[in-house]
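Coordinates in review
Here's the letter readout for the chains.
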Amino acid sequence: MTQIELRGVQKFFGAVQVIKDLNLKISDNEFIVLLGQSGCGKTTTLRAIAGLETIDEGDILIDGKPIQHLKAADRDIAMVFQSFSLYPHMSVYENIAFPLRATRKSKAEIEQEVRSVAKTLQISELLDKKPSALSGGDMQRVAIGRALVRRPKAMLMDEPIGALDAKLREEMRAEIKRLHIKQGSTTIYVTHDQIEAMSLADRIVIMHEGVLQQVGSPDEVYSRPANLFVAQFVGSPVMNVADAAVAETASSVSVMVGGAAAGFEFPRALLSKLNGHAGGQLALGIRPEGVLIRRDAADGFLPVETQIVEPLGSFDIVDLKVGSKMLRARTKSGFVSGPGEKVFARIDPAQAHFFDTASGKSLGVRL
Amino acid sequence: MAAVRTSSEIGLNRVAIVAVLVVTIIFLAPIYWIASTAFKPRNLATTIPPTVVFQPEISPFVKLFTKRSQMRSPPTPEEYAAAPWWERVVFDGGEKIVRDGKGQVQWSGYPSRFLNSLIIAITSTVLAVGMGTFTAYGFSRFKVKGEADLLFFILSTRMLPPVVVAIPMFLMYRAVGLNDSHIGLIILYTAFNLSFSVWLMKGFMDEIPKEYEEAALVDGYTRMEAFFKIVLPEAATGIAATAVFCFITAWNEYAFALIMTNRRAQTAPPFIPSQVGSGLPDWTVIAAGTFLFLLPVAIFTFLLRNHLLRGMSFGAIRK
């Protein structure tokens with residue numbers, strides 16, 4: 001049972017504030033991913049929880065007890081580093097046994113626990129090797145083994161698979177997930193890779209310039225981004241965002257994008273949901289899969305011209321010129337033959353997001 | 001894929017090999033000269049042209065370690081027959097080993113000087129490398145106010161030629177009674193080597209990723225434990241390289257040793273040339289003393305050669 005709570009955490013590096021009033025509750029057995037670009041404060045947050053950085057204000061609580069004044073060694077937390085940080089002069093066995101040697105465990109107990117962890121991670125045959133003789137994936141497994149062996153209150157992982165190549169990264173991602181399901185320890189995982197975050201997390205914490213942007217399940221942050229930053233950071237290809245103007249027509253509402261004369265058709269309900277923002281600074285956000293295209297004209301579809309086509313195997317990304325703006329649409333592969341083709345597009349109102357461009361905040365419109 | 005080498009590359013390679021050979025010969029020639037002279041009979045030591053082929057003798061070493069006097073007349077056959085082999089080789093050179101009233105062989109000044117050299121060089125090396133390692137760790141890992149200035153100040157102690165401070169140092173040492181003492185030279189060499197040791201070790205410390213210690217800290221160890229269990233083993237290469245350099249400096253130091261010591265704490269470097277002045281110089285004995293003096297550094301360096309090779313290229317290669 002381990003709950004971690006951050007209350008009003010602030011951290012400065014000189015005059016630069018790297019963590020700004022961070023509040024977060026992590027429940028037992030939860031897999032939390034801190035996601036953000038480099039320099040957003042996610043790693044500093046992790047290191048502050050581990051006890052490798054001091055915080056300037058606020059509290060870090062484990063199971064309700066403030067621990068920010070405790071030394072790293074006394075927090076009973078394990079950490080996996082991006083560089084793995086396996087001690088080069090020790091064998092794999094010694095590396096895994098190292099945290100246990102800091103405790104008063106007997107030799108036999110240590111041996112038993114090291115072997116049991118090695119078995120779980122399927123690295124039993126590597127125990128006598130030196131870290132330099134291991135592959136990247138095996139180093140990773142040993143690093144996780146070293147973190148697991150003490151049965152810590154919580155596991156912290158700082159981009160643990162960032163140094164691996166793409167294929168191995170995918171394998172290890174699955175393995176980390178499997179391990180978490182099996183061991184079920186409270187885990188905080190830092191990454192800048194949103195695919196990693198989506199696939200692993202129970203909840204994703206998105207940070208930007210030291211400020212928490214949104215906390216939510218992968219589905220929540222994907223389908224209900226709290227602001228423009230989250231909207232454009234999560235999801236690949238990136239969400240289309242364009243300045244929009246709303247005009248009322250006889251039967252519906254028309255949303256003009258990129259200064260185009262003709263607008264996309266939306267249900268009338270949009271007006272009431274925009275709640276007075278209709279005349280203000282408004283941005284429309286739509287993921288490429290929310291831009292629907294067809295070859296022949298139909299109700300609500302606008303004629304557009306294709307620009308660039310990016311075939312990505314299972315689907316294509318097609319750039320469509322709408323007014324002065326480019327909208328990226330996701331189509332079946334081969335649906336559009338190339339640039340300059342005339343097609344018809346509309347925006348799926350159910351997948352559309354509206355943001356206040358001044359504050360960047362989502363207006364929470366769901367149609 | 002094997003690179004195809006052009007004839008000009010092969011030619012360059014040959015030139016390089018010849019150049020390396022020439023340089024090696026130039027560097028090794030004095031050592032060969034010392035070693036061969038140390039085993040020569042006295043009358044062959046100064047021949048022109050030099051004698052290259054000779055029957056090696058052990059007598060220079062016997063003479064090196066014992067006090068001798070000139071003999072007015074050769075030893076009687078009984079005396080000669082009763083003498084042990086090492087005394088006979090001295091007789092053969094027209095000298096005899098001085099004995100005290102009880103017949104005990106009198107040692108020359110060399111063994112005690114050699115021992116002084118060992119004590120002073122080893123102790124000062126241990127101190128300089130030890131303190132340097134801790135200091136470098138501090139500079140490398142913690143925010144130190146005025147770090148750049150402090151490091152420059154440490155280095156600046158090496159900018160003055162030692163001779164400039166020798167006389168003031170001598171006067172100060174005499175005032176506090178440190179002249180001609182082991183501790184005096186140990187302090188001097190430690191201070192002299194410390195700046196070098198701090199700078200060299202800082203380079204090595206900077207190369208050790210700080211994640212290693214952080215991992216140890218998170219794994220339940222104190223910073224001190226992390227330092228001894230993780231940082232020191234990782235720094236072994238750097239420590240070995242630094243130790244070799246410090247040891248060589250302390251071992252070979254001549255100027256301060258000459259000025260600061262005369263008997264009790266005198267080291268081998270000022271002692272060996274002082275033997276030239278006493279009577280007719282016996283170059284074979286001086287060569288024997290120098291030859292033995294070369295050995296500790298050679299052995300020390302040989303023992304640490306694996307560390308040293310890595311130490312030299314440390315930082316040049318990205319891991």
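Thresholds applied
Residues numbered from 1 in each chain as written. Chains lettered and ligands numbered in written order. Predicted model: local features only at pLDDT ≥ 70, side-chain atom pairs only at ≥ 80, totals over all residues. UniProt positions renumbered as here; feature names shortened; annotations may be inferred. Axes fitted to C-alpha atoms, helices over the stretch in contact; angles between N-to-C directions. Helix = DSSP H or I, 4+ residues; strand = E, 2+ residues; numbered from the N terminus. Parallel < 35°, antiparallel > 145°, perpendicular 65-115°, else oblique. Left-handed = near helix turned anticlockwise from the far one by under 90°. Contact = placed C-beta atoms within 7 Å. Pairing = 2+ DSSP bridges. Domains from an automatic or database assignment.

Chain B has the name Carbohydrate ABC transporter membrane protein 2 (CUT1 family) in an unreviewed UniProt entry, where Rhizobium loti is given as its organism. The UniProt entry for chain B carries this comment under Subcellular location (unreviewed entry): "Cell membrane". The heading Sequence similarities (unreviewed entry) in the UniProt record of chain B holds the text "Belongs to the binding-protein-dependent transport system permease family."

With an unreviewed UniProt entry as reference, chain A is termed Carbohydrate ABC transporter ATP-binding protein (CUT1 family), source organism Rhizobium loti. Turning to chain A, the UniProt record has this under Subcellular location (unreviewed entry): "Cell inner membrane". Recorded under Sequence similarities (unreviewed entry), the UniProt text for chain A is reproduced unchanged: "Belongs to the ABC transporter superfamily."

Points about the packing of helix α4 (residues 136–148) of chain A against helix α5 (residues 166–183) of chain A
All names here are of chain A. Close contact between α4 and α5 brings their axes to 11 Å; oriented N to C, the two are set at 20 degrees. By the angle between their directions, the pair α4 and α5 is classed as roughly parallel. Here the hand of the crossing between α4 and α5 comes out right-handed. Where α4 approaches α5, its residues Gly136, Gly137, Gln140 and Leu148 are matched on the opposing element by Leu168, Glu171, Met172 and Gln183.

Some thoughts on the UniProt feature "domain: ABC transporter" (unreviewed entry) in chain A
UniProt's entry tags residues 4–234 of chain A with the feature "domain: ABC transporter" (unreviewed entry), counted in the numbering of this structure. Measuring from the first to the last C-alpha atom of residues 4–234 of chain A gives 25 Å, for a span that is 36% helix and 26% strand.

A closer look at the pairing of strand β4 (residues 57–62) of chain A
Residue and element names in this part refer to chain A. Relative to β4, strand β1 (residues 4–13) runs antiparallel, the two sharing 5 bridges. Looking at the pairing, Ile4 lines up with Ile62 of β4. In this sheet, strand β5 (residues 65–66) lies alongside β4 in antiparallel orientation, the contact comprising 2 bridges. The residue of β5 that forms the bridge with Ile62 is Lys65. With antiparallel pairing between neighbouring strands as the criterion, β4 and β5 make up a hairpin whose turn holds 2 residues, including Asp63 at a positive phi of roughly 50 degrees.

Quick word on the domain arrangement of chain B
Residues and elements named next belong to chain B. Entries for chain B in the domain assignment read domain 1 (7–38), domain 2 (59–97) and domain 3 (110–313). Placing the centre of domain 1 and that of domain 3 at their C-alpha centroids yields a distance of 30 Å. Contact with domain 1, which involves 4 residues of that partner, is made by 6 residues of domain 3.

Structural notes on the domain arrangement of chain A
Domain boundaries assigned for chain A yield domain 1 (4–225) and domain 2 (240–356). The distance between the C-alpha centroids of domain 1 of chain A and domain 2 of chain A comes to 41 Å.

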